[in-house]
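Letter by letter, the chains look like this.
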Amino acid sequence: MRSATAALRAMARAFPAGLATLAAVVIANPALAVAQAPENAAPDFFDAALCKPPYTFDSAQALYEAAEKVAKPDMSKLGAAIYDLPGPIGKDGFSSNQVVFANSTVGVLVEGAVATELAARYQLAPETSNLLGASSKGYARALPKDQQPLPDMGVVSIIARESPGLPGKTLLACEFASNEDIQALKRFEAEMKP
């Protein structure tokens with residue numbers, strides 16, 4: 001406690017009153033310094049792709065609005081809106097410079113065909129569907145039940161997919177799939193089997 005008191009006295013002498021008070025509050029509660037991000041701070045798109053926080057329509061809207069402030073989307077690929085970021089982002093040795101929004105999906109396009117590596121890092125299992133040929137390699141992991149925002153409506157999963165439509169890239173995303181879409185895909189794929 002003495003060192004904190006000495007630090008407060010030193011700050012009071014060194015800084016104007018307002019700054020000294022602010023510094024004292026941060027020293028007394030360091031979590032405030034981390035928790036209070038500036039309002040104009042860019043969201044962590046990579047964490048969003050990893051469902052941190054879990055997908056909700058509100059969180060997706062906030063991310064979309066943040067991406068709109070950075071760039072205009074390229075809408076020419078797979079019906080998705082792809083935003084080029086002003087600089088690279090990354091996590092765990094993977095990097096990206098593009099954010100993707102498609103239907104109920106928020107993600108990043110990771111450099112390289114690295115779906116298998118992403119699956120190993122984030123504990124994703126092989127998908128049983130190739131999404132009617134849209135995915136050449138795919139992995140997914142549904143979030144735990146306590147993190148599902150709308151369990152009666154669908155399932156939120158972390159997905160990693162390679163696609164012929166995005167050569168040299170891998171989609172890493174947080175995806176909401178409605179129960180109706182999941183059942184429709186299963187029925188359609190069953191009908192397509194010989």
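Parameters at a glance
Residues numbered from 1 in each chain as written. Predicted model: local features only at pLDDT ≥ 70, side-chain atom pairs only at ≥ 80, totals over all residues. Heavy atoms only, no water. Phe/Tyr/Trp six-rings, centres within 6.5 Å; stacked < 30°, edge-to-face > 60°. Helix = DSSP H or I, 4+ residues; strand = E, 2+ residues; numbered from the N terminus. Buried < 20%, exposed > 50% of the residue type's maximum accessible area, 1.4 Å probe, protein only. Salt bridge = Lys/Arg side-chain N within 4 Å of Asp/Glu carboxyl O. Polar contact = N/O pair within 3.5 Å; in protein donor to acceptor, adjacent residues only side chain to side chain. Contact = heavy atoms within 4.5 Å. Core = buried A, V, L, I, M, F, W, Y, C linked by side-chain atoms within 4.5 Å.

Turning our eyes to something else, we now look at the packing of aromatic side chains. Any aromatic ring pair is given by two values, namely how distant the centres are and how the planes are angled relative to each other. Evaluation of the coordinates by the stated rule reveals 5 aromatic pairs. When the ring of Phe57 is compared with that of Phe176, the centres are 5.6 Å apart and the planes differ by 70°; the resulting orientation is edge-to-face. Note that Phe57 is positioned in helix α5 (residues 57–70) and Phe176 in strand β8 (residues 169–178), a separation of 119 residues in sequence. The exposure class of Phe176 is buried, given its relative accessible area of 10%.

Two side chains bearing opposite charge may form a pair once their charged atoms approach each other closely. Tallying each qualifying case throughout the model produces 6 salt bridges. For Asp47, the salt bridge identified is with Lys91, shortest N-O distance 3.1 Å. With Asp47 in helix α4 (residues 45–49) and Lys91 in strand β2 (residues 80–91), this pair connects stretches of sequence that are 44 residues apart. A salt bridge links Lys72 to Glu68; its shortest N-O distance comes to 3.5 Å. Since its relative accessible area comes to 63%, Lys72 is described here as exposed. The class for Glu68 is partly exposed, based on a relative accessible area of 24%. Within this structure, Glu127, Arg161 and Glu175 form a network of salt bridges that share partners.

This brings us to the side chain of Glu175. Along the chain, the position of Glu175 falls in strand β8. In terms of polar contacts, Glu175 uses its side chain to reach the side chain of Arg161, at 3.0 Å. When neighbours within four sequence positions are excluded, Glu175 is seen to be in contact with Ser104, Thr105, Val155, Val156, Ser157, Ile159 and Arg161.

Lys52 connects to Pro53 through a cis peptide bond whose omega is 0°. Along the chain, the position of Pro53 falls in the loop between α4 and α5. With a phi angle near 60°, Cys51 is a residue other than glycine that sits in the positive phi range. The residue Gln123 is not glycine, and still its phi comes out positive at about 55°.

Moving on, we come to the nonpolar core. By size, the foremost hydrophobic cluster in this structure holds 34 residues, and its most contacted members are Phe45, Phe46, Phe101, Val110, Leu118, Tyr122 and Leu172. Secondary-structure elements contributing two or more residues to this core are α4, α5, β2, β3 (94–102), β4 (105–111), α6 (115–121), β7 (154–162) and β8. Those residues in contact with Phe45 that sit more than four places away from it in its chain are Leu63, Ala66, Ala67, Leu85, Ile89, Val99 and Val108. In terms of nonpolar packing, the next biggest core, distinct from the first, is built from 10 residues, Ala80, Ile82, Leu166 and Leu171 among them.

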